[in-house]
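Here are the chains, one letter per residue:
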Amino acid sequence: MDERILLAHGSGGTLTHRLLREIVFPAFSNHVLDKCEDAAVVPLRGKCAFTTDSFVIQPLFFPGGDIGKLAVCGTVNDLAVMGARPAYMTAACIIEEGLRTAVFRKIVGSIAKAAKDAGVLIAGGDMKVVEKGACDKIFINTTGIGTITEGIRVSADNARPGDHVIINGTIGDHGAAVMSARKDYKLRSSIRSDCASLNGLIERLLNTVPRIRVMRDPTRGGVATTLKEIAVQSNVEITIEEDALPVTGPVRGFCEILGVDPLYMANEGKVLVFAPEEDARRVVSTMRKHALGRNAAVIGRVTRRCSSSDTPQVLLHTSIGSMRIIDMLSGEQLPRIC
Ligand code: MG
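Bear in mind that the values here come from a model prediction, so they are computed numbers and not experimental data.

Engineer: Any chance you could explain the coordination of the magnesium ion here in plain terms?
Structural biologist: A four-donor tetrahedral metal ideally has 109.5 degree angles, and a six-donor octahedral metal ideally has angles of 90 or 180 degrees. Coordination of the magnesium ion by the protein comes from Asp78 (OD) and Asp217 (OD), over a distance range of 2.2 Å. Of this pair, Asp78 sits in helix α2 (residues 67–80) while Asp217 sits in the loop between β8 (214–216) and α6 (222–234), and the two are 139 residues apart along the sequence. Judged by its relative accessible area of 25%, Asp78 falls in the partly exposed class.

Have a look at this one:
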């Protein structure tokens, strides 16, 4: 095996087949992929959710994960927060000529492990190699599909006054981990990305509390931006409590040094859940029984429905008792975070 990926590895010829035979198929082997058809043929029943995403994170490897794990978790989570059970996904890699084969092998291994852990099959994929400088090492594009259990209806337009807003743990860990991994920051820290597939936790939640109204994963733009999206889509005002926001000591310290706000930092293993007040406690206790929900907390509630004339706002009730309007992230806090 050549030490680096060459343009010829993407030609569809003998080198492509060798790479597939030696690295890709052994990692992903399953009854759908192994048929090697032009498209995957899979059985699905009922309502389906499907989604696509691209991953261009830099650096490729960061504390708590890498681009391969992230590609799977990000795709799985977008399906899971719609109440779908992720079943199949595809992964397409665009590789810059010269990438070390060992790096590609490691990323493929990560995709395979994360898919196995989440219970999704890699049903298809693609690989292209572009000349040096045409992309940065490797970009991954995914598609995921899953089925929605009858009776489940979660949607960002479904929040109602009185609903409690719950999160399954600490915020800002992914953004801070990636930032600290960037050479230009030269910051050493113990911060790890929260990158994880949430479908197991979410399935348990929906079994326990089927009345959950909204779920969304606060990735790019963080909790602040995601809450604002939900406020607008549901036409409601949301008030969150600064004192209730779970943030680890290292992330808090990191944000203070760099002057960034954990509310706007990306997360890759978090879900915001809106549930009726009477169900909120059950949501929190169910989350806390799961490894990915140990630090679950109610962080706020939907305070009112907005009239047609006012703009739906997210308000932050600060530790010192004042109210601050929380808007979407404007501009880019950090490029290529996912
Ligand atoms: Mg999402």
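Engineer: Hey, could you run me through the sheet that holds strand β6 (residues 138–148) in this one?
Structural biologist: A sheet is described by the order of its strands in space; here four strands give the open sequence β1-β6-β4-β5, paired in mixed fashion. The open sheet has two edge strands with one neighbour each: β1 (48–55) and β5 (121–130). Across this sheet, the average inter-strand angle for adjacent strands is 15°, counted without regard to direction. Pairing of strand β4 (residues 84–96) with β6 involves 11 bridges; the strand directions are antiparallel. Along β6, the bridge assignment pairs Arg85 with Thr147.

Engineer: Can you walk me through the domain arrangement of the protein in this structure?
Structural biologist: A common way to report how large an interface is uses the accessible area buried once the components associate. Parsing the protein into structural domains produces domain 1 (7–148) and domain 2 (164–326). A C-alpha centroid distance of 28 Å is found between domain 1 and domain 2. The interface of domain 1 with domain 2 comprises 19 residues on the first partner and 22 residues on the second. Surface buried jointly by domain 1 and domain 2 totals about 1,700 Å² across both partners, of which 59% is contributed by carbon and sulfur atoms. Contact with domain 2 buries surface across domain 1, with Pro63, Asn77 and Val81 losing the most and accounting together for 31% of the total. On inspection of domain 1 and its partner domain 2, the count reaches one salt bridge. Note that Arg85 is salt-bridged to Glu203, the shortest N-O span being 3.1 Å. Remark: the boundary between domain 1 and domain 2 carries eight residue pairs in polar contact (both at pLDDT 80 or more).

Calculation criteria
Residues numbered from 1 in each chain as written. Predicted model: local features only at pLDDT ≥ 70, side-chain atom pairs only at ≥ 80, totals over all residues. Heavy atoms only, no water. Donors = N, O, S within 2.8 Å, 3.2 Å for Na, K, Ca; no water. Helix = DSSP H or I, 4+ residues; strand = E, 2+ residues; numbered from the N terminus. Buried < 20%, exposed > 50% of the residue type's maximum accessible area, 1.4 Å probe, protein only. Pairing = 2+ DSSP bridges. Axes fitted to C-alpha atoms, helices over the stretch in contact; angles between N-to-C directions. Domains from an automatic or database assignment. Contact = heavy atoms within 4.5 Å. Buried area = accessible area lost by both parts, 1.4 Å probe. Salt bridge = Lys/Arg side-chain N within 4 Å of Asp/Glu carboxyl O. Polar contact = N/O pair within 3.5 Å; in protein donor to acceptor, adjacent residues only side chain to side chain.

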